[in-house]
Amino acid sequence: MKAARRPSDLAARSERLCHIEPGDMVPLPPPYEDFNRVTLPLLKPERVKGIETSLDDTVAIGIPRPASREEEDLLVRKFLSGLKKLFEKKNNWTFLQPLLLSMEHCARCQTCADACPVYEMSGRQEIYRPIFRSEVLRRIYRKYVKPGGRIAAKWNGDIDLNWTTVARLAELSYRCTLCRRCASVCPIGVDNGLITHEIRKLFSQEMGIAPKELHEKGTVQHLRVGSSTGMNPLAAKDNVEFIQEEMEEIAGFKVEIPWDREGADILLIHNAGEMLAWPENVGAFAILFQAAGLSWTLSSEAVGYDAVNYGLWYDDVQFSRVAVKHADIARRLNVRKIVMGECGHAHKALTVTADRLLTGDLNVPRESAMVTLADIVSSGRLSLNPRRNPFPVTLHDPCNMVRSMGIVEPQRRILRAVAPRFREMTPHGVDNYCCGGGSGFAIMSGYNFADWRNLVSSRRKFLQILDAFADEPPEAPKYVCAPCSNCKGAIRDMIGYYHGEERSGLYYGGLVELIVNAMSDMKKPIIQFDGKSSWES
């Protein structure tokens, strides 16, 4: 039997603090039993040489190991300096109040533990318990920041602060998807997701430690090139031109995709990843907006064609730079509102989190595409034939859009209108489980992190999907509707990892594609299963 890990164990040097054994994880049902003995592939020594790997079986960040004791001590001092700033109003005016509430009022009732899919699916590994990392930070804060903390530590819970503690805490902040399901069940409102976010922020803003997928290839590239995908404005326009041609083949009529139209009602901002990975989503929006007679435009200005804002997950400064850029582009185009495409974290970034940032003429109205699409479907402006979507459909609720923002019904009104075999997952709505790719995990694949995601953090979502289609024959195609690019990436990867298409007929896609697929005047279906049309013309 494994010894239960305590927060103070984080400081004790060892080769590895946590290891998932074969059979530890929650078992999968037939025909996936062969994955029940699968564990994470070992980290290759040549790939992790010189980086910190002592937390568990994977690596998310890849923190360089300090070369000397003096360098370790310097990094610990920088951590403490950053920690103090987290609790100063002048340095953390956005999140100080909720952070203090969560730091001071945890009753340790463990209600949050049963709500956490990572903790549950891992076989209840102690270090993944939602309050574990919060308690580590809480103990450090009380001992090293609060007056009299060193004396009170023996009653409040002690912990040593050294480089091992710091390096493990940084990695541990990337074993939580920030889905905040734990916060939604806490009887006194403690938000362990927020504490995790603040830990990430400390490491990024004060120590320059963050996953390269979020920072170097994420926000930095977004601001420098124009998109986190690496597409500059010219490449984005070229891709959309190609999408336009493809859509005209499907629609059977000319499809217009306007750029930089001043005074349009709507500035539509997609996650630019859609242009590369799921171009049919971008094209479906164009067909639908045109059919509904909307006045809309895309922006070809750098940053303006990519709704992504990875700063939401790890760095307030980077977040603010991207959010202000989005709003300023909309202001100069003089549009009436911004509509966010199917990207969950972009919803939260630009509407909720940026709300205190975008004041004055930057306060351009922002609207979810879920609302825009529901209005179109209910307006009667389209001729819809739901029988063109005869396959079973279930809905994944993106955490940022649904749990954090309460956008629950619009997408369901649409599905009830266009997908006659729609069925809910259990649980769903604000109680739904994360796809496992939240907070950047879907784009983080260095070392063996993609395996950890598929095996651990996406496992609960995979079980939910299988349960939703349990009454369907395995060979029948089934559609997982995921109106979020990040979630689609995670669902794509989990279906591929577990061979879900071959074994259970699982496919996935967005919401707007289902609407266009049901439009009576389409020449061809936009949804295909294994290269085969979803309906015959």
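Draft legend 1. Geometry of the layout of surface pockets. There is about 950 Å³ of room inside the largest pocket. If you trace the largest pocket, you find 48 residues lining it, with Phe95, His197, Leu312, Asp316 and Thr353 closest to the centre. Per element, the largest residue contribution to the lining of the largest pocket is seven residues, and it comes from helix H10 (residues 192–207). Looking at the lining of the largest pocket, its residues break down into 20 nonpolar, 18 polar and 10 charged. The calculated volume of the second largest pocket comes to roughly 410 Å³. In terms of lining, the second largest pocket is formed by 18 residues, of which the most central are Thr229, Asn271, Gly273, Tyr310 and Ile443. When the residues that make up the lining of the second largest pocket are grouped by side-chain class, the tally is seven nonpolar, eight polar and three charged.

Draft legend 2. Molecular detail of the sheet that holds strand S8 (residues 506–509). Pairing is parallel in the open sheet, where four strands are placed in the order S6-S5-S7-S8. Looking at which strands have only one partner, the edges of the open sheet turn out to be strand S6 (422–423) and S8. Seen against the sheet, helix H19 (residues 410–418) touches strand S5 (393–395) and S6 and runs at an angle of roughly 175 degrees to S5. Along the sheet, helix H21 (residues 459–468) contacts S5, S6, strand S7 (478–481) and S8; its crossing angle with S8, the most-contacted strand, is approximately 110 degrees.

Draft legend 3. Local environment of the pattern of salt bridges. Using the criterion set out here, one finds 38 salt bridges in the structure. Asp191 is paired through a salt bridge with Arg180; the nearest N and O atoms lie 2.6 Å apart. Of this pair, Asp191 sits in the loop between helix H9 (181–185) and H10 while Arg180 sits in the loop between helix H8 (163–172) and H9, and the two are 11 residues apart along the sequence. The exposure class assigned to Arg180 is partly exposed, which follows from its relative accessible area of 27%. Taking the shortest distance from any N to any O, the salt bridge between Glu367 and Lys337 comes out at 3.1 Å. Of this pair, Glu367 sits in strand S4 (residues 366–368) while Lys337 is found in strand S3 (residues 337–340), placing the two residues 30 residues apart along the sequence. Since its relative accessible area comes to 25%, Lys337 is described here as partly exposed. Each of Glu301, Lys325, Asp328, Arg331, Arg332 and Asp361 takes part in a single network of salt bridges with overlapping partners.

Draft legend 4. Just the nonpolar core, in detail. Phe79, Leu83, Ile140, Leu169, Phe203 and Met207 are the most contacted members of the largest nonpolar core, which totals 111 residues. Every residue in contact with Leu169, bar those within four places of it in the chain, is listed here: Leu10, Phe79, Arg133, Val136, Leu137, Ile140, Ile199 and Phe203. Counting 59 residues, the second-largest nonpolar core is a separate cluster that includes Met231, Ala284, Ile376 and Leu415.

Draft legend 5. Representation of the packing of aromatic side chains. Tallied over the full model, the rule gives 18 aromatic pairs. Both rings, one in Tyr32 and one in Phe462, keep their centres 5.1 Å apart while their planes meet at 85 degrees; by these two values the pair is edge-to-face. Of this pair, Tyr32 sits in the segment before helix H1 (45–48) while Phe462 sits in helix H21, and the two are 430 residues apart along the sequence. Just as Tyr32 is buried, Phe462 falls in that class too. On the numbers, 6.0 Å between centres and 75 degrees between planes, the contact of Phe441 with Trp452 is edge-to-face. Of this pair, Phe441 sits in the loop between S6 and helix H20 (449–457) while Trp452 sits in helix H20, placing them 11 residues apart in sequence.

Draft legend 6. Here's a closer look at a positive patch on the surface. On the surface, a cluster of positive charge is made up of Lys44, Arg47, Lys212 and Lys217. Here Lys217 lies in helix H11 (residues 215–225).

Criteria and cut-off values
- Residues numbered from 1 in each chain as written.
- Predicted model: local features only at pLDDT ≥ 70, side-chain atom pairs only at ≥ 80, totals over all residues.
- Heavy atoms only, no water.
- 1 Å grid on protein atoms, 1.4 Å probe; cavity = no way out; pocket = protein on both sides within 12 Å on 5 of 7 lines; lining within 4 Å.
- Points joined across faces, edges and corners; volume = space filled by probe spheres on them.
- Helix = DSSP H or I, 4+ residues; strand = E, 2+ residues; numbered from the N terminus.
- Nonpolar A, V, L, I, M, F, W, Y, C, P; charged D, E, K, R; others polar.
- Pairing = 2+ DSSP bridges.
- Contact = heavy atoms within 4.5 Å.
- Axes fitted to C-alpha atoms, helices over the stretch in contact; angles between N-to-C directions.
- Salt bridge = Lys/Arg side-chain N within 4 Å of Asp/Glu carboxyl O.
- Buried < 20%, exposed > 50% of the residue type's maximum accessible area, 1.4 Å probe, protein only.
- Core = buried A, V, L, I, M, F, W, Y, C linked by side-chain atoms within 4.5 Å.
- Phe/Tyr/Trp six-rings, centres within 6.5 Å; stacked < 30°, edge-to-face > 60°.
- Patch = residues over 30% accessible without salt bridge, like charges linked within 9 Å, V, L, I, M, F, W, Y side chains within 5 Å.
- Areas by Shrake-Rupley, 256 points an atom, 1.4 Å probe, with all protein chains shown as cover.
- Lys, Arg positive; Asp, Glu negative; His and termini not counted.
- Charge placed at Lys NZ, Arg CZ, Asp CG, Glu CD.

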